[in-house]
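Reading the structure
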Amino acid sequence: TGHSMGGHGALVAAAATRRFAAVVPVAASGVVDAKALQGIAVWAFHGKNDVIVPSRYSEDLVQGLRSRGASEEVARLTLYEAAPAPPGWPSYQGHASTIPAYATPELYQWLLRQRLGVSAPSPAPARPERSDM
């Protein structure tokens, strides 16, 4: 999981490594091609009133996953009509969707139900130690 640029980073890490069964981007500041996330569960959270990152980013991401066959359970989206501003940043109205997102008990239950698919690669083998050091 990650928030804003961290939400985008979480999506990139999940898509690039295929080592995560699920990813939870919150007000992600960028998207990843839905094809790269196939087989990875995504639950995106975003404030519709976010003045920093438009909620369209999360909406387009989840729509892209669903158009590629992901179910509503695997590609989830929670939009808040009025997400708060981050503490200390009152002009960032709507950008603290982390507050209600991380207070969602079902999120943690959902995360624990996710499993890596059989198509996920195995971890890379450990590098052999160099004997010349």
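As shown above, the structure is provided for reference.
Report follows, based on the coordinates. (Residues numbered from 1 in each chain as written. Predicted model: local features only at pLDDT ≥ 70, side-chain atom pairs only at ≥ 80, totals over all residues. Heavy atoms only, no water.)

All right, on to helix α1 (residues 5-17) then. In this model α1 runs 18 Å from its N-terminal to its C-terminal C-alpha over 13 residues, within 8% of the 18 Å that 1.5 Å per residue would give. What α1 keeps buried is the set Gly7, Ala10, Leu11, Ala14 and Ala15. Along the axis of α1, the buried residues cluster in a sector spanning 125°; they form a single face. Within α1, the exposed residues directed more than 90 degrees away from the buried face are Met5 and Ala16. Those residues of α1 hidden inside the fold are in contact with β1 (2-3), β2 (22-23), β3 (25-26) and α2 (56-67). Taken from the residues just after α1, Arg18 is the one with a positive phi, measuring 60°. (Helix = DSSP H or I, 4+ residues; strand = E, 2+ residues; numbered from the N terminus. Expected span 1.5 Å × (residues − 1). Buried < 20%, exposed > 50% of the residue type's maximum accessible area, 1.4 Å probe, protein only. Arc of directions from axis to C-beta. Contact = heavy atoms within 4.5 Å.)

As far as function goes, none of this settles anything; it's purely spatial.
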